[in-house]
Amino acid sequence: MAEDTLVGLSLATTNKLTKQIVIKALASDTLKIRATNDFIGVELCGTLKNIIAIAAGILDGMGASESTKAMFLTESLNDVRVLIKKLGGNEKTILSFAGFGDILLTATSTSSRNYSFGRLIGSNASIEEKEDYLKNNTVEGVYTLKSIYGLIKSKRVKSYFRF
């Protein structure tokens, strides 16, 4: 990453001293840190971004329009917001660096392993290519999809994304 690359991070902590120490040690002209006490929201965003990235990659691999991808990401953000609220987090976290920022980056970057794997799926790559990719790369979204699905089902969270 270039020295002049601008980066924003969310820091989830309830400890004021920790907040001060981390911000003093790391914040700079190119690194902005916003503190929050919403552990639930930050953790959910960090987990769900990988699943969203796989799906966004699938859309790209299939050649979906930019409008379709924008609609998918918008609906995904809303679904994450609903889940954060349902699990007791602050729904505004979806608009943080951990939320919209990280989801947008992970779901659009060719450097994202989850997005790249989704593109393989969407482009009808062979089973061998997909298995080889999974063998040589950590694709977190694959491993979290089942547990998140179970959580959503157990909490009776309704998705607004319907076809």
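The preceding data block contains the structure.
Calculation criteria
- Residues numbered from 1 in each chain as written.
- Predicted model: local features only at pLDDT ≥ 70, side-chain atom pairs only at ≥ 80, totals over all residues.
- Heavy atoms only, no water.
- Helix = DSSP H or I, 4+ residues; strand = E, 2+ residues; numbered from the N terminus.
- Rg over C-alpha atoms; globule rule 2.2 N^0.38 Å.
- Buried < 20%, exposed > 50% of the residue type's maximum accessible area, 1.4 Å probe, protein only.
- Areas by Shrake-Rupley, 256 points an atom, 1.4 Å probe, with all protein chains shown as cover.
- Lys, Arg positive; Asp, Glu negative; His and termini not counted.
- Charge placed at Lys NZ, Arg CZ, Asp CG, Glu CD.
- Axes fitted to C-alpha atoms, helices over the stretch in contact; angles between N-to-C directions.
- Parallel < 35°, antiparallel > 145°, perpendicular 65-115°, else oblique.
- Left-handed = near helix turned anticlockwise from the far one by under 90°.
- Contact = heavy atoms within 4.5 Å.
- Nonpolar A, V, L, I, M, F, W, Y, C, P; charged D, E, K, R; others polar.

Participant: Looking at this model, I keep getting lost on the overall build of the protein chain. Mind explaining?
Facilitator: On a plain count of helices and strands, the protein chain comes out with seven helices and two strands. N-terminal to C-terminal, the α/β element order of the protein chain is β-α-β-α-α-α-α-α-α. Relative to the globule expectation of 15 Å for 163 residues, the C-alpha radius of gyration of the protein chain, 17 Å, shows essentially globular dimensions. In terms of overall dimensions, the protein chain has a C-alpha envelope of 50 × 40 × 30 Å along the principal axes. Among the 163 residues that make up the protein chain, the fraction classed as buried is 33%. Approximately 10400 Å² of the protein chain is accessible, and the part contributed by carbon and sulfur atoms is 56%. Mean positive and mean negative side-chain charge positions of the protein chain (21 and 16 charges, respectively) differ by 11 Å.

Participant: Would you explain the packing of helix α2 (residues 39–61) against helix α4 (residues 97–106) in this entry?
Facilitator: Two numbers describe a pair of packed helices, the interaxial angle and the distance between the axes. Relative to each other, α2 and α4 sit at 20 degrees, their axes nearing to 9 Å. Here α2 lies roughly parallel to α4, going by the angle between them. You can see that α2 and α4 cross each other, and the crossing is right-handed. Counting all contacts with α2, which are made through V42, C45, K49, N50, I52 and A53, the residues of α4 involved are A98, G99, D102, I103 and T106. Tallied by class, residues from the contact of α2 with α4 come to six nonpolar, three polar and two charged.

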